[in-house]
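# Remarks on the overall topology
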Amino acid sequence: MKDDPTIRLMWICGGVLLAIGAVLCMSTLDSLRADGATLRARLSELEELRGMERHASRYRGAYRKFDGLSARRPVAMATLLKKHMGGQPVEDSRSTRQSLVRGWTVRRQEMALGEVSMDKVMALVHDAESGRPPWRLTRCIVRASPGGGGKAKVDLVFEALDGE
Amino acid sequence: MTQTGKGYLQWAGTCYGVDLQDDGARVVSAARSRSGVRCTEVRDARLSRLGDGAVCVGGLSARESLVRWLEAPYSAIDKAERVLPTLLDIQLPFPLEDCVFSFLDVIRTPEGTTRALAVAARKSDVERKLRLFGDHGVDPVVLDQEGVALWSQSIEERPPGGNSSAGRVLIHLSGARSVLVVGRGTGILGVHALRAGDTGQVIRMLHAQLGVRDGPTPGEVEWFWSGPGAEDGVAVSEMQERLQKEWPGRSYVHEAPEYFLARALATRALRTGPLRCNLRGGEFTHESMARRARGRARAAAAVVLASGLLLCAASPSARLISGRKIDAANTVFKTTAESLISGPLGPAKGEDALRIVRSELAGETDSLEPFVAAFEPSLSDLLLAVMETGKDNDLRYEVVSLGRDRIEVRGTSSDWNSFSELLSVLGVSEKHLRRKDAGADERIPFSIVADRGR
C-alpha cells in the first residue's frame, strides 16, 4: 500500500514533520524549563510586592482616616486639665512637636501631677483619648502617695496627631 | 500454546462460507452475534444470486495447498521469522517465488527453537481456484486453507475432553477432495489429501503422525467425521470399523456434516481464534481487502502527518503561551510596583525593582508610623485593668509604670498566690514575677518587670 504515491508522500511529509517537531519540542522543553524558572521567580517577587502593598496600604489607610477628619486639631490639654483637675497645679509640664507629612505634626505632652485621685486621672485619660483627633497615653508612672487615700503622684505622657 | 488471531473479515458483520463441491456449492450465511457466529445453511444456493456486495469466503483444498510444521533454531521469534521462508523453500517441491504462503502459530518451544505452521499454495493453483469461484459467480474475499479450517472448527464445535494429549483425527469425506487432519489435543499435526475410502492411507498417516511405535492404545484416538460423505452413516460405519481395528477410539460425526467446511470457512473469517489464514494475498488480494488496507495505510499516514503537524505547531504555541504568561506576570509586577512608588519604575526588573520599591516605602512608612500607632490598643485600657485587678486581688501598688517598651509594677500582696490575674492582664509570664517573704505587716512584697513588644 505504501506504493501509492499519495500515501508515500503523506508518510514522508509526516516523518519529516515528526522529526522537525521532535527537534522543536526538545528545544521548546529547554526553553519552557527556563521560562518556568523565570515565572516562578517573578511570582515570588510579585508575592513579596503584594506583601509590601499590604503593608503600605495599612499605613496609607491610617493616614487617610486622619486626613478625612473634619477637625484636625486635638483638644488643648490645658482645657482638659482644667476640666478634670480643677485648680490643682500641674507640677511639671512639657510640650514638644515633630513634623510628619503634609502639614501633620505629632505633639507630645508630658506632665507630672502630684497627689491626685486616680479616678480623676482615669477620667482625664478617657476624655483625652475620646477626642477627634485623639490624644493617646503613651507612658504613665503611678507612685502611691504615702498618705494613701486613693491618691498618687502620676506622670503622664500623651501624644496626638495635629493637622495644622 | 496456540496463538489466536483476528478473523480476516472482522470488519464485516456477515459473510458467506462457500464450499465448492463437484455436485454444487455448499453455502452458509454467517452473522456475528453476541454469543459468537450464527450460521444458516443456504440450500439450493445459486451463487450468482448472493449479490455483488456479498462477502464470500472460500478455501484451498489439501490438494491445492500444503501445510507443514517448520522449526527454526532460534528462540527469538523475529529472528526466526526471517529464516522461515528459507526453511519453507527447502521443503517445497517448487520455487517459493511461485507460491503464496503464510506462517500461522509462530511459537517458541521449551527447547529454545521456534516452530511455525506454514501454509502455502502455488500461485497457479490460487489462480485456478479463483477462476473456478469466478465461474460460479463468486469472488471470495478470503481464501482459507480447508484442512486448517476444518481442524479449528472441529475443535470449536467439539473441544477435546480431559486427555489433552489424546490423538484426534478428522476425516472430511468429500469425494476426491477428502481430507485427513491429524492432531493431538488442540494442536494440529498435519493435513493430508485423502483418496476416497482409502483406509490404508489413513492408517499409514496416523502411524507417521501420531508416532505410536508399540501400536495404538485404545481410547487414545478420537475420530471425527464431516463432509457430505459423512451423511452416509453406513459408509462411515464401514470405514470406522476398518480403522478401529488398528486405531480404536470413540467416533463422532459433526452436526450438519455436509455444511461443516462452509461453516468453518465463514466462522473463522468472522471470529478471532487460532490458526487464522488467508492465502489470497499479494497480487491476489481482493479489491475490498486492498481498499481497506489502503484506507488503513492512508489513515495511518494521515495520523503520522497530523501528529507531525501538531508537534510542529505545539512548540511555537507552547512558547507563545509561556511568553505571554511571563509578559502578564511582568505587567502585573510593574503595575503593582508603580502603584506603590511616586514615579515610574523605569527599566528596573525583579530584585532591582523590589529594592527601589522597598526603599521608597521605607521612607513613607516611617513618616506615617504615628498614624498607624494611633490605632493600636491604648495604654489607658491596660492602666485601668491593672487598677481593677489590684482592687479585686488586694494588691497595694507602690509603683505602676507602663510604657510602650517596658512595664514595671511594684507593691505588696496579702496572698502568695494572688498574681495570676495581674500577670495575665500584663501579658507576661511568671518568670518576671519576684516575691519576697512577708514583712512585719504580713504582706508579701512583689515586683514585676518586663519588656514588652509593641
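Every value quoted in this text rests on a predicted model; they were computed, and no experiment measured them.

### Here we look at the overall build of chain A
Along its length, chain A carries 3 helices and 4 strands. Put simply, chain A has 164 residues, and 20% of those count as buried.

### Thoughts on the overall build of chain B
When you go through chain B residue by residue, the secondary structure sums to 10 helices and 19 strands. Evaluated residue by residue, chain B yields a buried proportion of 34% over its 454 residues.

### Thoughts on the pairing of strand β1 (residues 90–99) of chain A
All names here are of chain A. Among the 10 residues of β1, 0 are classified as buried, and the element is accordingly described as predominantly exposed. Across 9 bridges, β1 lies against strand β2 (residues 104–117) in antiparallel orientation. Residue pairing for β2: Ser-99 is matched across the bridge by Thr-105. Between the antiparallel neighbours β1 and β2 lie 4 residues, among them Arg-102 with a positive phi of about 45°.

### So, the sheet that holds strand β10 (residues 167–172) of chain B
Residue and element names in this part refer to chain B. Here 5 strands make up an open sheet; going across it, the order is β12-β11-β10-β13-β14 and the pairing mixed. Both outer strands of the open sheet, β12 (187–194) and β14 (251–253), are each paired with one neighbouring strand and no more. Strand-to-strand twist of the sheet, defined as the mean angle between neighbouring strand axes without regard to direction, takes the value 15°. Pairing of strand β11 (residues 178–184) with β12 involves 7 bridges; the strand directions are antiparallel. What sits directly across from Val-181, in β12, is Val-191.

### A short note on unusual backbone geometry
Note on backbone geometry: most residues besides glycine have negative phi, and most peptide bonds are trans. In this chain, Arg-132 of chain A is followed by Pro-133 of chain A through a cis amide linkage whose omega measures -5°. By the element assignment, Pro-133 of chain A lies in the loop between α3 (118–130) and β3 (135–144). Phi at Glu-115 of chain A takes a positive value of approximately 50°, unusual for a residue other than glycine. Glu-115 of chain A gets classed as partly exposed once you count the C-beta atoms within 10 Å, which come to 14. One non-glycine residue, Leu-275 of chain B, lies in positive phi territory at about 60°. Considering the arrangement of structural elements, one finds Leu-275 of chain B in the loop between β15 (273–274) and α7 (287–340).

### Thoughts on the confidence of the model for chain B
Detailed reading of the predicted model is not advised wherever pLDDT is low. Averaged over all residues, the pLDDT of chain B equals 87, while 95% of them reach at least 70. This prediction of the complex comes with two scores: 0.62 for pTM and 0.74 for ipTM.

### Brief notes about the sheet that holds strand β5 (residues 56–60) of chain B
Residue and element names in this part refer to chain B. Read across the sheet, 5 strands follow the order β4-β3-β2-β5-β9 without closing on themselves; strand pairing throughout is mixed. With partners counted over all chains shown, the strands left at the sheet margins are β4 (36–42) and β9 (142–145), one partner each. With direction set aside, neighbouring strand axes in the sheet form an average angle of 30°. As judged from the 8 bridges shared by strand β2 (residues 14–21) and strand β3 (residues 24–33), these two strands associate in the antiparallel manner.

### A closer look at the confidence of the model for chain A
Per-residue pLDDT for chain A has a mean of 86; in total, 96% of the residues score no lower than 70. Put simply, β1 of chain A is where chain A has its lowest mean pLDDT, 82, and β3 of chain A is where it has its highest, 91.

### Focus on the pairing of β2 of chain B
Residues and elements named next belong to chain B. Counted residue by residue, β2 has 6 buried out of 8 residues, so it is predominantly covered. Here 2 bridges tie β2 to β5, and the two strands are oriented parallel to one another. Within the sheet, the bridge partner assigned to Gly-17 lies in β5 and is Val-57.

### Concerning helix α8 (residues 350–373) of chain B
Look at α8 of chain B: 32 Å from first C-alpha to last across 24 residues, which is about the 34 Å you get at 1.5 Å a residue. Along its length, α8 of chain B shows its largest kink, about 45°, at Ser-367 of chain B, and proline Pro-370 of chain B lies within four residues downstream of that point. Looking only at α8 of chain B, the buried set comprises Ala-353, Val-357, Leu-368, Pro-370 and Phe-371 of chain B. Buried residues along α8 of chain B sit against α1 (5–67), β2 and β4 (151–163) of chain A together with α7 of chain B.

### Details of helix α6 (residues 260–270) of chain B
Burial analysis of α6 of chain B places 11 of its 11 residues in the buried class, which makes it a mostly covered element. What α6 of chain B keeps buried is the set Phe-260, Leu-261, Ala-262, Arg-263, Ala-264, Leu-265, Ala-266, Thr-267, Arg-268, Ala-269 and Leu-270 of chain B.

### Things to note about the interface of chain B and chain A
Contacts between chain B and chain A engage 55 residues on the former and 56 residues on the latter. Looking at the side of chain B that touches chain A, its residues break down into 34 nonpolar, 13 polar and 8 charged. Two elements, β3 of chain A and strand β16 (residues 395–403) of chain B, share 5 bridges in a ladder whose sense is antiparallel. By the bridge assignment for β16 of chain B, Ile-141 of chain A is matched with Ser-401 of chain B.

### Regarding the packing of helix α2 (residues 77–85) of chain A against α3 of chain A
All names here are of chain A. Two numbers describe how α2 lies on α3: the axes approach to 9 Å, and their chain directions differ by 145°. For the element pair α2 and α3, the recorded crossing hand is right-handed. Residues Leu-80, His-84 and Met-85 of α2 form the contact with α3, whose own contacting residues are Lys-120, Ala-123, Leu-124, Asp-127 and Ala-128.

### Re the packing of α1 of chain A against α8 of chain B
At their nearest, the axes of α1 of chain A and α8 of chain B sit 9 Å apart, and the two run at 20° to each other. Relative to α8 of chain B, the element α1 of chain A lies roughly parallel. Every pair of crossing elements has a handedness; the one defined by α1 of chain A and α8 of chain B is left-handed. Seen from α1 of chain A, the contacting residues are Ala-41, Glu-45, Glu-48, Leu-49, Met-52, His-55, Ala-56, Arg-58, Tyr-59, Ala-62, Tyr-63 and Phe-66 of chain A; seen from α8 of chain B, they are Gly-350, Leu-354, Val-357, Arg-358, Leu-361, Glu-364, Thr-365, Leu-368, Phe-371 and Val-372 of chain B.

Criteria and thresholds
Residues numbered from 1 in each chain as written. Chains lettered and ligands numbered in written order. Predicted model: local features only at pLDDT ≥ 70, side-chain atom pairs only at ≥ 80, totals over all residues. Helix = DSSP H or I, 4+ residues; strand = E, 2+ residues; numbered from the N terminus. Buried ≥ 20, exposed ≤ 12 C-beta atoms within 10 Å, placed from the backbone. Pairing = 2+ DSSP bridges. Axes fitted to C-alpha atoms, helices over the stretch in contact; angles between N-to-C directions. pLDDT = per-residue confidence, 0-100. Expected span 1.5 Å × (residues − 1). Bend = angle between axes of the 7 residues up to and from the residue. Contact = placed C-beta atoms within 7 Å. Nonpolar A, V, L, I, M, F, W, Y, C, P; charged D, E, K, R; others polar. Left-handed = near helix turned anticlockwise from the far one by under 90°. Parallel < 35°, antiparallel > 145°, perpendicular 65-115°, else oblique.

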